[in-house]
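Now for the letters of each chain:
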Amino acid sequence: MSDREPPRRRVPGPARPSHPARPAAARRRPGPGARPQARRPAPARPSAPNLLRLGSPRPRLRMVSLALTLVLIAFVVRLLQVQAVDASTYAAKADQNRYVGQVLPAVRGGITDRNGVALATSVDAYDLTADPTMFTRKQLKIDDGPEQAAALLAPILGVDQESLVTKLRPKNKALRYVLLASRQTPQVWSQIKDLKAALADKPDTANVLAGVFSTPSSKRVYPNGDLAAGILGWVNADGKGGGGLEQELNKELSGKDGKIRYAQSGGRLVPTAGSTETPAVPGSDVELTIDRDIQWAAQNAITEQVKKSKADRGYVIVQDTRTGQILAMANSPGFDPNDLSKASGSALHNWAVEDAYEPGSTAKVMSMAAVLEENVATPLTHVVVPNRLHRGDRLFKDDIDHATWNLTLNGVLAKSSNIGTIEATGQLGKTQTQANKVLYKYLRKFGLGSYSGLDFPGETKGILAPPDKWSTSQQYTIPFGQGVSINAIQAASVYSTIANGGVRVEPTLVRGTKGPDGRFTPAATPKKTRVVSAKTAKELAQMLESVVDDQEGTGTKARIPGYRVAGKTGTANRVDPATGKYHGYTSSFAGFAPADNPRITVYCAIQNATSGSYFGGQICGPIYKQVMEFALKTLQVPPTGAKAANLPVTFTP
């Protein structure tokens, strides 16, 4: 064997490419000193058919950046508007939606009689309110939320169902507060709370009362019903005085309402949010001069007589002769201020101060006062009274036909002679015109033609024309109480003036007020005016005793055993307010007791009695007696024990 390796077997290589291979020498690197060979340019690679080239992204980025910039600018401008330009407006809107404000009603002051007995008071009550936004479909998931709520509330509140629906679905969709009912009793609110709780326990039922709430309030109550209703008046639905002293003294009684403002959510208070509250200031309590018991006696007496006589109405005044304080002011028919729905429109008045009427013979005492004060006659002066007297364009007569009377001036008053009064007052001047002026002066001093001083709502000052305006007949009718108009409080004041020694004290109804601090403030001292001398007043008191005590007097039914009583009857033609013509009569009686040491004045008048007697002495005399006896006992006024003057009524020619 040879030492040589056997020849290698050739293995076929891969197929050559179609283009010519590069020579090996060309692939070798040139050696040193070798001549560089020129490089052949590489053949161009053919481009692939249908290939897309990408555009530049920069324009798109610019567009996006511009759009974002504009959006940011818009946000910035709006932010500046909200936080700077309109900040206060939007803050107010936010507060309006977030915060709820409510009025805190002040507790109305009470009204008591002179002894502290409640005549008008306020008790706890609730104002029922609602948030209309809590009755929407969004809140309740039902369409008829207001209707369902109204159906439940109407029977409890006693109001119309449709009116409640209108309140619960207001036109103003943003309204958050409506008043459903004011001054409801605690029992009413308790019923509604029970219904709310029952609905809340039913998860599958919409609680249509969830938006009903309550605010503590108060309700006016008159514990004695219709007693002194004409004086007290009433409080209307807005909580303000609607008549009487409730109206006159509304400012003092009302106090000052407070306010509360709190954050809320879903109609409920948010405890963690701040709230502001201005407490309410309670009204002042008012103490009247009225005595409840005497008021009851007067009201009971006049009510019974008005019914018995089938009269239009009547009134009784009881007054303290020394102080001018009104102890009773009773009207019939009356009304219950607790339930005005049952009262007639004509009853909602205090006719004792609102009614102007011709007083008749009770006014003769003023004519006699002028005659005595002017010293043209004395109680014993002789006056011849014929059956008829021709004056001016009329022929005058007395209530009854009679032969010629020979009367003293005292007898003229005792027998209530119209003719004798005309003759006596004719002596006040050298001429009738002069006499008229003198009489007018005294009528004005007694308070006729002026307001009494009570400042009572609706009070009339009556009608008293100046003397140069008196007609031919008025010159002779005014002296005996026709052709002039007064009210009951003026009439009572005339007799209190005589009882008080000739000094007129303005009548008063209020003794004082007690503020929230408990301090009592007395009422202002009433004005006092000297009308006639004490001597004249004493003589008039003795003459008025003859009206009651003398058998020929017209006021014998007013006698009170053990007491000396002064009084005067009155029966006047009455002007019908509907027609303006004379129709029917005004019957009256006025007087005071004890006659020699007066303490109390009582005045009674009845309008248009149509059943039984219409004479003042017959139907008002007994009322005077009944009320006066009760008042004397209530105030513990003892009899004086002195004997009456017993002035003569007639004289022997």
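Residues numbered from 1 in each chain as written. Predicted model: local features only at pLDDT ≥ 70, side-chain atom pairs only at ≥ 80, totals over all residues. Heavy atoms only, no water.

Applied cut-off: UniProt positions are given in the numbering used here, feature names are shortened, and annotations may be inferred rather than shown by experiment.
The chain appears in an unreviewed UniProt entry as Penicillin-binding protein 2 from Streptomyces cylindrosporus. Recorded in UniProt under Sequence similarities (unreviewed entry), the annotation for the chain is "Belongs to the transpeptidase family." For the chain, the Subcellular location (unreviewed entry) comment in UniProt is given as "Membrane".

1. Considering the packing of aromatic side chains
Selection rule: Aromatic pairs are defined between Phe, Tyr and Trp rings, using the six-membered ring for Trp, whenever the two ring centres lie within 6.5 Å; interplanar angles under 30 degrees are classed as stacked, those over 60 as edge-to-face, and all others as tilted. Going along the chain from the N terminus, every DSSP run of H or I of four or more residues is numbered as a helix, and every run of E of two or more is numbered as a strand. In this scheme, a residue with accessible area under 20% of its type's maximum is buried, one over 50% is exposed, and one in between is partly exposed, where area comes from a 1.4 Å probe on protein chains only. By definition here, charges over rings are those cases where NZ of Lys or CZ of Arg is within 6 Å of the ring centre and within 35 degrees of the ring normal.
Following the criterion strictly, the structure yields 10 aromatic pairs and no others. Ring plane angle 85° and centroid distance 5.9 Å describe the contact between Trp 234 and Phe 335, whose orientation is recorded as edge-to-face. You can see Trp 234 sitting in strand β6 (residues 234–235) and its partner Phe 335 sitting in the loop between β13 (326–332) and α12 (351–354), a full 101 residues away along the chain. Taking relative accessible area as the criterion, Trp 234 reaches 16% and is therefore assigned buried. Overall, the relative accessible area of 5% leaves Phe 335 in the buried class. Ring geometry for Tyr 440 and Trp 470: centres 6.5 Å apart, planes at 70°, overall edge-to-face. Of this pair, Tyr 440 sits in helix α16 (residues 432–445) while Trp 470 sits in the loop between α16 and α17 (474–477); the two residues are 30 residues apart in sequence, bridging distant segments of the chain. With respect to class, Tyr 440 is no different from Trp 470; both count as buried. Positioned over the ring face of Trp 351 is Arg 313, at 4.0 Å from the centre of the ring. Between Lys 415 and the ring centre of Trp 405, over which it is positioned, the NZ or CZ distance is 4.6 Å.

2. Thoughts on the sheet that holds strand β23 (residues 582–593)
Quick note on the threshold: Strands were regarded as paired on the criterion that DSSP finds at least two bridges between them. Axis angles are defined between N-to-C directions and span 0 to 180 degrees, where every axis is a line fitted to C-alpha atoms and, for a helix, only to the segment in contact. Any two residues having at least one pair of non-hydrogen atoms within 4.5 Å are treated as being in contact.
Strand order across the open sheet formed by five strands is β13-β12-β24-β23-β22, with antiparallel pairing between neighbours. What marks the edges here is a single partner per strand, and that holds for β13 and β22 (566–575). Across this sheet, the average inter-strand angle for adjacent strands is 10°, counted without regard to direction. Relative to β13, strand β12 (residues 313–320) is paired through six bridges, and the arrangement is antiparallel. For Ile 317, the partnering residue across the bridge sits in β13 and is Met 329. Against the sheet, helix α11 (residues 292–309) touches β12, β13 and β24 (600–607), its axis set at about 25° to β13. Most of the contacts of helix α21 (residues 621–634) go to β23, to which it runs at about 30°, and overall it touches β12, β22, β23 and β24.

3. Remarks on the pairing of β22
Within β22, eight of the 10 residues are buried, leaving the element largely enclosed by the surrounding structure. Judged from the nine bridges that link them, β22 and β23 form a sheet pairing that is antiparallel. The residue bridging Lys 568 from the neighbouring strand is Ala 590, located in β23. Following β22, the chain reverses through six residues before pairing antiparallel with β23; Gly 580 in that reversal takes a positive phi of roughly 75°.

4. A look at the pattern of salt bridges
What counts is decided by this rule: Throughout this description, the term salt bridge denotes a Lys or Arg side-chain nitrogen within 4 Å of a carboxyl oxygen of Asp or Glu.
Counted by the stated rule, this structure contains 16 salt bridges. We note a salt bridge from Arg 137 to Asp 143, for which the minimum N-O separation is 3.0 Å. Linking Glu 287 and Arg 511 is a salt bridge whose minimum nitrogen-to-oxygen distance equals 3.3 Å. Residue Glu 287 is located in strand β11 (residues 285–288), and its partner Arg 511 is located in strand β19 (residues 510–514); the two are separated by 224 residues in the primary sequence. Taking the relative accessible area as the measure of exposure, Arg 511 reaches 31% and is therefore partly exposed. Several salt bridges share partner residues, and in doing so they unite Arg 108, Arg 220 and Glu 246 into one network.

5. What about the environment of His 583?
Examined against the element boundaries, His 583 turns out to sit in strand β23. The partly exposed category is assigned to His 583, whose relative accessible area is 46%. With 10 residues separating them along the chain, His 583 and Asn 573 place their C-alpha atoms 7.0 Å apart. With near-sequence residues (within four places) excluded, His 583 lies in contact with Arg 574, Asp 576 and Asn 608.

6. Details of helix α18 (residues 488–499)
This is how the line gets drawn: A helix's residues, less one, multiplied by 1.5 Å, set its expected span. Whenever two N or O atoms come within 3.5 Å, that pair is a polar contact, provided that in protein one can donate a hydrogen and the other can accept it, and provided that, for residues adjacent in sequence, both atoms are side-chain atoms.
With 12 residues, α18 should cover 16 Å at 1.5 Å per step; its first-to-last C-alpha distance of 17 Å lies within 8% of that length. The buried fraction of α18 is high, at 12 of 12 residues. Ala 488, Ile 489, Gln 490, Ala 491, Ala 492, Ser 493, Val 494, Tyr 495, Ser 496, Thr 497, Ile 498 and Ala 499 are the residues of α18 that are buried. The N-terminus of α18 is capped by Asn 487, whose side-chain oxygen sits 3.1 Å from the backbone nitrogen of Ile 489. Gly 501 sits one or two residues past α18 and shows a positive phi near 75°.

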